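Summary of structural features
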Amino acid sequence: MKNYTSIKDISNLSETIKEAILLKMNPFEFSELGKHKTLVMLFFNSSLRTRLSTEKAAKNLGMDVMIMNVNDAWDLEFEDGTIMNMNKSEHIKEAAQVISQYADVIAVRAFPTLKDKAKDESEQILNSFKKYATVPIVNMESATAHPLQALTDAITISELTEKKRPKVVLSWAPHPKALPQAVANSFVEMMQNLEVDFTITHPEGYDLNPEITKNTTINYNQEATLQNADFVYVKNWSSYNDYGEILSEDENWMMTKAKLDKAKFMHCLPVRRNVVVEDAVLDSNQSVVIQQANNRTFAAQVILKQLLENL
Amino acid sequence: MKNYTSIKDISNLSETIKEAILLKMNPFEFSELGKHKTLVMLFFNSSLRTRLSTEKAAKNLGMDVMIMNVNDAWDLEFEDGTIMNMNKSEHIKEAAQVISQYADVIAVRAFPTLKDKAKDESEQILNSFKKYATVPIVNMESATAHPLQALTDAITISELTEKKRPKVVLSWAPHPKALPQAVANSFVEMMQNLEVDFTITHPEGYDLNPEITKNTTINYNQEATLQNADFVYVKNWSSYNDYGEILSEDENWMMTKAKLDKAKFMHCLPVRRNVVVEDAVLDSNQSVVIQQANNRTFAAQVILKQLLENL
Amino acid sequence: MKNYTSIKDISNLSETIKEAILLKMNPFEFSELGKHKTLVMLFFNSSLRTRLSTEKAAKNLGMDVMIMNVNDAWDLEFEDGTIMNMNKSEHIKEAAQVISQYADVIAVRAFPTLKDKAKDESEQILNSFKKYATVPIVNMESATAHPLQALTDAITISELTEKKRPKVVLSWAPHPKALPQAVANSFVEMMQNLEVDFTITHPEGYDLNPEITKNTTINYNQEATLQNADFVYVKNWSSYNDYGEILSEDENWMMTKAKLDKAKFMHCLPVRRNVVVEDAVLDSNQSVVIQQANNRTFAAQVILKQLLENL
């Protein structure tokens, strides 16, 4: 593995999932692998799980970790050829090359604007690091993808499924703020690569990027879609077509115990209780969100391990 | 020890103080105890001593430390059953369970509002972590208590006293800002458990919570109270009865060299010079505030050691 | 070495440069030297290179590192004898002594006001730490000096020069914001101590402090000065005489490929492209700014090594 910016960077998914589950059983087995190697984590946005689990994963492998909130440093310019006479003090060309000299791996979190679709889809920040850095880049959630979360989700489904081909549903939920499509995108791409019967359900107008959903079944009827589901992944996202817009806050799309029936409830967290999902679901043992969050550590750890082995 | 949220969690105080003093003599004796154990430190408020000394204490024991200012993550909801459609993105139920999976011990700093007495006294933040976390919780100063500071103070008095039963006075001081009662509360509780002759002095209206002061002598006459004191602990707090109010900024309550006489001067720091105490006191060798601050490391270290031994 | 607050603290410059280059070849050779030693890094201002490279240097030596942005703690008072009844909560006297007990070395970044020349020249923050701390102080850029950068620059020139006595030019450049003289000052002092033919060029009115430039040649004609230069160090600074003022933004002073001729281009970074220097320079192999930034690690490491050896 050269970088981990998309789930497409995983060469052997089933092996990677197995390896993550082995790391979970014995987190310190490779605690010498990262000796004298440094992970630099760069945050353009807030983080709880990603920050703590990725730092923990790196330390489990014996790496040193240096964390920087980007606003502790300088405003970065990402455009080529600009005359930098406004408020951007440093160009990504320098920043990425410089940080590469202090790091063996660089992890970056950079959310979308949700205003400028073309800019977000160009993954300007993440791809600029990829272009100019001389060490591997790990995506800790970018404008359009959250591949560490998707790997966590795959690990969790692997751990929990009792079927060869479980039925998995991705179900849109209402939310008061406009949220990125990143988690949904990576989850869809991951499900397309797992042995699952996968359907997406959401209100009309909330179709994800068709280049990502491809031939995945999309059904606007939530109730029908949820029938006999084994895993229901609930997530809000803002509209892709009316880019970044909130088209509906219809609370009928909130996940309830009744709708969930016997399925496991999945969510990437943070989750707004009684907006995205009712308390009764989160507080039941059908919710596996805490297990998902725990698997974040081992998703990050297996990725860092594969990157370190390839240095 | 299961948690350290109050000095009541210390099962054997004199042994704990002795153990801390031994750790001070040999800080790295147990540097293998914390191997592959992680302390997560969560700050809802500013910190200098607590932050650095607790991190140092954990590292002295060989622990990994991950620090998060809570505003680097998501606004937390602490109420049960709410519809989370406002600005709180994550519920403490999830946050505490999730962080528990990345941590072996969680330390939390969460100051009071000083507006809502009932809420502050419920210790909503600290107790929510205690309720939902699955690992030990350390109080790095909560709404009503600062038990690491109180243990530091006990260690310092133990180190310095030349008497079997020294006279200790807690003396209120003026301050331009409304401050919590937490330090005073924990100091009072600690003194009630030490072999000391203890009196509190403050202006009328500044009585601390009577459930904490219990039968401790309170005297509104500072001058009389300070007679023959061996240790004078100076601290401002806002009114408990007129909750969070500043009733007096009477500079006659500032500690001076003359008033101190031959006593040792104690303060938890930060301290406002020439408001709380005059320069002449802080710059004399009667001031033991730097030694107190140093003992913060070993107070934290003995607590972490006892928690680790009990994991 | 007792402190590193100025390049004057280096007792043997050529040996120190050689030692840094050896550390670069084998960064982990002294990874036991810093065991159980702690570097506390205090930031009053933004930082990217200094923050990451100094942390990395300390970890290469096996030190523990604790980082604090000063706004995570309390506003500090630096004046003596003040009545602290405004917004400063803690006096440097206490802060420096307290932090000294948690640290074996304290590194401080504190930029100038660029408003109050006398205050800036007194180096109030740095010198207060030096005065009250009981452990060595490292200057991570103060009001008037950036000695870690100057050492980096000397290392880089040493690595790259093919001549016994290369021609080095410090050339002022335009910039939209008023910047400190610190980098220029320390570079000038460093060049005065190296075997180089050194000239400073800048527009009239931009003369640096004559107590620093001493008898260094200053030439207001950029073009003439650049003739046959081997190394051109480009840097903006605000006026020293009209203290902190921007007297010129004359883009004719921007460094170009044509002006640079065959010289190496140096800059401390961050650099504003097409304001301070044109893209064509930075994107050519005459630019050595990335190598300079890499050497920050080994400049910091050799200084920390010398401080640790002297503890």
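None of the values given here were measured: they were computed from a predicted structure. (Residues numbered from 1 in each chain as written. Chains lettered and ligands numbered in written order. Predicted model: local features only at pLDDT ≥ 70, side-chain atom pairs only at ≥ 80, totals over all residues.)

With that out of the way, let us pick up the overall build of chain A. Helices and strands together make up the secondary structure of chain A, namely 12 helices and 11 strands. For chain A, whose C-alpha radius of gyration is 19 Å, the value lies close to the compact-globule estimate of 19 Å for 311 residues. On the principal axes, the C-alpha backbone points of chain A span a range of 55 × 50 × 35 Å. By the burial criterion, 55% of the 311 residues in chain A qualify as buried. (Helix = DSSP H or I, 4+ residues; strand = E, 2+ residues; numbered from the N terminus. Rg over C-alpha atoms; globule rule 2.2 N^0.38 Å. Buried ≥ 20, exposed ≤ 12 C-beta atoms within 10 Å, placed from the backbone.)

Frequently, the measure chosen for interface size is the accessible area that the parts lose on association. Contact residues are listed per partner, giving 24 residues for chain A and 26 residues for chain C. Listing elements by their share of the side of chain A that touches chain C, those giving two or more residues are β1 (38-43), β2 (64-69), β4 (90-91) and α3 (92-102) of chain A. If one sorts the elements of the side of chain A that touches chain C by residue count, α3 of chain A sits on top with seven residues. Among the residues forming the side of chain A that touches chain C, the class breakdown is 11 nonpolar, nine polar and four charged. (Contact = placed C-beta atoms within 7 Å. Nonpolar A, V, L, I, M, F, W, Y, C, P; charged D, E, K, R; others polar.)

We now examine the sheet that holds strand β8 (residues 197-201) of chain C. Residues and elements named next belong to chain C. Reading across from one edge, β9-β8-β7-β10-β11 is the order of the five strands in this open sheet, with parallel pairing throughout. Single-partner strands in this sheet number two, and they are β9 (217-219) and β11 (264-266). Between one strand axis and the next, the sheet turns through 25 degrees on average, direction left out of account. Here five bridges tie strand β7 (residues 167-172) to β8, and the two strands are oriented parallel to one another. Bridge pairing in β8 links Ser171 to Thr201. On top of the sheet, helix α6 (residues 147-160) reaches β7, β10 (231-235) and β11; it is set at about 170 degrees to β11, its chief contact. Docked against the sheet, helix α7 (residues 182-191) engages β7, β8 and β10, running at close to 165 degrees with respect to β7. (Pairing = 2+ DSSP bridges. Axes fitted to C-alpha atoms, helices over the stretch in contact; angles between N-to-C directions.)

Those residues of helix α5 (residues 124-132) of chain A that sit buried are Gln124, Ile125, Leu126, Ser128 and Phe129 of chain A. Against the buried residues of α5 of chain A lie α3, β5 (105-109), α4 (117-121) and β6 (137-139) of chain A.

Residues and elements named next belong to chain A. An order of β9-β8-β7-β10-β11 is seen for the five strands of this open sheet, with the pairing classed as parallel. Bordering the open sheet on either side are β9 (217-219) and β11 (264-266), each of which pairs with just one other strand. In this sheet, adjacent strand axes meet at a mean angle of 25 degrees when their direction is disregarded. When strand β7 (residues 167-172) meets strand β10 (residues 231-235), the two strands line up parallel, connected through five bridges. Within the sheet, the bridge partner assigned to Val168 lies in β10 and is Phe231.

In screw terms, the move from chain A to chain C is a rotation of 120 degrees and a rise of 0.0 Å along the axis, fitting with an RMSD of 0.0 Å. Put plainly, the chains are arranged around a three-fold axis. (Least-squares fit on C-alpha atoms with pLDDT ≥ 70 in both.)

What follows covers the interface of chain B and chain A. Facing 24 residues of chain B, the contacting portion of chain A comprises 26 residues. Going through the elements one at a time, β1 (38-43), β2 (64-69), β4 (90-91) and α3 (92-102) of chain B are the ones with two or more residues in the side of chain B that touches chain A. The leading source of residues in the side of chain B that touches chain A is α3 of chain B, at seven residues.

Take the environment of Ala182 of chain C next. All names here are of chain C. Note on placement: Ala182 falls in helix α7. A residue is classified by how many C-beta atoms lie within 10 Å of it, and Ala182, with 24 of them, is buried. Separated by 35 residues in sequence, Ala182 and Pro147 have C-alpha atoms that sit 8.7 Å apart.

By size, the foremost hydrophobic cluster in this structure holds 309 residues, and its most contacted members are Ile106 and Val232 of chain A, Ile106 and Val232 of chain B together with Ile106 and Val232 of chain C. Discounting chain neighbours no more than four positions away, the residues touching Ile106 of chain C are Val40, Leu42, Ile99, Ser100, Phe129, Ala133, Val135 and Ile137 of chain C. (Core = buried A, V, L, I, M, F, W, Y, C linked by C-beta atoms within 7 Å.)

This paragraph deals with helix α2 (residues 49-60) of chain A. Residue and element names in this part refer to chain A. If you check α2, its first and last C-alpha atoms are 16 Å apart, about what 12 residues at 1.5 Å a residue would give, namely 16 Å. For α2, a buried count of 12 out of 12 residues is recorded, marking the element as mostly surrounded by other parts of the structure. Within the span of α2, buried status applies to Arg49, Thr50, Arg51, Leu52, Ser53, Thr54, Glu55, Lys56, Ala57, Ala58, Lys59 and Asn60. Immediately beyond the C-terminal end of α2, within one or two residues, lies Gly62, with a positive phi of roughly 85 degrees. (Expected span 1.5 Å × (residues − 1).)

The next subject is the confidence of the model for chain A. Overall, the predicted model of chain A reaches an average pLDDT of 97, with 100% of residues at or above 70. Two numbers describe this predicted complex: its pTM, 0.98, and its ipTM, 0.97. (pLDDT = per-residue confidence, 0-100.)

Attention now goes to the environment of Ile303 of chain A. All names here are of chain A. Along the chain, Ile303 falls in helix α12 (residues 289-309). Residue classification places Ile303 among the buried residues on the basis of 27 C-beta atoms within 10 Å. Beyond its immediate chain neighbours, meaning those up to four positions away, Ile303 contacts Tyr4, Val138 and Leu148.

Moving on to unusual backbone geometry. The step from Leu269 of chain A to Pro270 of chain A runs through a cis peptide bond, and the omega angle for that step is 0 degrees. Along the chain, Pro270 of chain A falls in the loop between β11 and α11 (279-282). Unusually for a residue other than glycine, Leu114 of chain B sits at a positive phi of about 60 degrees. When you line up the elements, Leu114 of chain B lands in the loop between β5 (105-109) and α4 (117-121). With a phi angle near 60 degrees, Asn228 of chain B is a residue other than glycine that sits in the positive phi range. Within the secondary structure layout, Asn228 of chain B lies in the loop between α9 (222-226) and β10 (231-235). You can call Asn228 of chain B exposed: it has 10 C-beta atoms within 10 Å.

This part covers the packing of α3 of chain A against helix α12 (residues 289-309) of chain C. Contact geometry of α3 of chain A with α12 of chain C gives a least axis separation of 9 Å together with a crossing angle of 35 degrees. As for how α3 of chain A packs across α12 of chain C, the hand of that crossing is right-handed. Contacts from Glu94, Gln97, Val98, Gln101 and Tyr102 of chain A in α3 of chain A reach Val289, Ile290, Ala293, Asn294 and Thr297 of chain C in α12 of chain C. In the contact of α3 of chain A with α12 of chain C, the residues fall into five nonpolar, four polar and one charged. (Left-handed = near helix turned anticlockwise from the far one by under 90°.)

What follows concerns the pairing of β7 of chain A. Counting buried positions over the six residues of β7 of chain A gives five, a clear majority of the element. Read from β7 of chain A through helix α7 (residues 182-191) of chain A to strand β8 (residues 197-201) of chain A, the crossover connection turns out right-handed. (Right-handed = clockwise from strand over helix to strand, strands pointing away.)

Within the secondary structure, Val108 of chain C is located in strand β5 (residues 105-109). Val108 of chain C has contacts with Leu42, Ile125, Leu126, Phe129, Ile137, Asn139 and Met140 of chain C, leaving out every residue within four places of it along the chain.

Here we take up the packing of helix α6 (residues 147-160) of chain B against helix α7 (residues 182-191) of chain B. Packed helices, taken two at a time, are described by the angle their axes make and the gap between the axes. All names here are of chain B. As a packed pair, α6 and α7 sit with axes 8 Å apart at the nearest point and diverge in direction by 45 degrees. The orientation of α6 relative to α7 falls into the category oblique. Every pair of crossing elements has a handedness; the one defined by α6 and α7 is right-handed. Only Val183, Ser186, Phe187, Glu189 and Met190 of α7 make contact with α6, whose side of the interface consists of Pro147, Gln149, Ala150, Asp153 and Ala154. For the contact of α6 with α7, a count of residues per class yields six nonpolar, two polar and two charged. (Parallel < 35°, antiparallel > 145°, perpendicular 65-115°, else oblique.)

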